Amino acid sequence: MKLKFGDELRNVLIKENLTQIEAAKKMKMKNQQLGQYILSHSLPSIATAERMLNAIGYELIIQEKGKAKK
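Computed from a prediction, not measured in an experiment: that's the story for all the values here.

Student: So, the nonpolar core: which residues are in play, and what are the values?
Tutor: Leu9, Leu13, Met27, Met29, Leu34 and Met52 are the most contacted members of the largest nonpolar core, which totals 14 residues. Going through the elements one at a time, α1 (5-15), α2 (20-27), α3 (31-38) and α4 (46-55) are the ones with two or more residues in this core. Apart from residues lying up to four places away in sequence, Met29 is in contact with Ala24, Leu34, Tyr37, Thr48, Arg51 and Met52.

Student: Kindly report on the environment of Ile56, identifying the contributing residues and their values.
Tutor: Position of Ile56 relative to the elements: it lies in the segment after α4. Taking relative accessible area as the criterion, Ile56 reaches 10% and is therefore assigned buried. As for Ile56 and Tyr37, which are separated by 19 residues in sequence, their C-alpha atoms are 15 Å apart. Sequence-distant contacts of Ile56, that is, excluding residues within four places in its chain, are made with Val12, Leu13, Leu18, Lys26 and Met27.

Student: So, the environment of Glu50: which residues are in play, and what are the values?
Tutor: Tracing the chain through its elements places Glu50 in helix α4. Overall, the relative accessible area of 39% leaves Glu50 in the partly exposed class. It is 8.8 Å that separates the C-alpha atoms of Glu50 and Ile61, two residues lying eleven residues apart in sequence.

Student: Can you break down the packing of α2 against α3 residue by residue, with the values?
Tutor: A packed helix pair is summarised by two numbers, namely the angle formed by the two axes and the spacing between the axes. Between α2 and α3, the shortest axis-to-axis distance is 9 Å and the interhelical angle comes to 110°. Between α2 and α3, the angle is such that the two are roughly perpendicular. The residues of α3 that touch α2, namely those facing Gln20, Ile21, Ala23, Ala24 and Met27, are Asn31, Leu34, Gly35 and Ile38. Partitioned by chemical class, the residues of the contact of α2 with α3 number six nonpolar, three polar and no charged.

Student: Just give me the short version of α3, but keep the residues and values in it.
Tutor: All of the buried residues along α3 are Leu34, Gly35, Tyr37 and Ile38. Angularly, the buried residues of α3 cover 160° about the axis, an arc narrow enough to put them on a single face. If you follow the buried residues of α3, they end up packed against α1, α2 and α4. Positive phi shows up at Ser40, right after α3, with a value of about 60°.

Analysis parameters
For every chain, the first residue of the written sequence is number 1, and numbering continues from 1 onward in sequence order. At least 70 in pLDDT is required for a residue's local features to be given in this predicted model, at least 80 for side-chain atom pairs to be given and counted, and no such filter applies to totals for whole chains, interfaces and linings, which use all residues. Each side-chain value is worked out from all heavy atoms of the structure, with water and hydrogens disregarded. Residues belong to a common nonpolar core when they are buried Ala, Val, Leu, Ile, Met, Phe, Trp, Tyr or Cys residues joined through side-chain atoms within 4.5 Å. Under the scheme applied here, a residue whose accessible area is under 20% of the maximum for its type counts as buried, over 50% as exposed, and between as partly exposed, the area being computed with a 1.4 Å probe on protein chains only. Put simply, DSSP marks the helices as runs of H or I at least four residues long and the strands as runs of E at least two long, and each gets a number from the N terminus on. Note on definitions: a residue-residue contact is assigned when non-hydrogen atoms from the two residues lie within 4.5 Å. To obtain each axis, a line is fitted to C-alpha atoms, and for helices this fit is confined to the stretch in contact; angles are then taken between N-to-C directions over 0 to 180 degrees. An angle below 35 degrees is treated as roughly parallel, one above 145 as roughly antiparallel, one from 65 to 115 as roughly perpendicular, and anything else as oblique. Each residue gets one label: Ala, Val, Leu, Ile, Met, Phe, Trp, Tyr, Cys and Pro are nonpolar, Asp, Glu, Lys and Arg are charged, and the others, such as Gly, are polar. The arc refers to the directions leading from the helix axis to the C-beta atoms.

Shape descriptors only; they carry no functional weight alone.
Listed below in structure tokens is the structure:
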């Protein structure tokens with residue numbers, strides 16, 4: 001099963017023990033907007049997704065479909 005961006009983001013926040021409010025502050029965005037991304041009601045641009053993830057110590061990696069990162 002392939003997860004949506006919002007599902008992956010939720011998993012990262014849980015792993016990092018961050019509340020949505022804490023994550024929104026670190027990402028310098030409104031809590032409501034972060035909630036929309038977590039619920040997959042809207043999708044961030046690639047640049048926004050990269051900025052969000054960098055703010056919490058992660059990086060966005062885009063790879064060719066079917067190619068596993070080594």
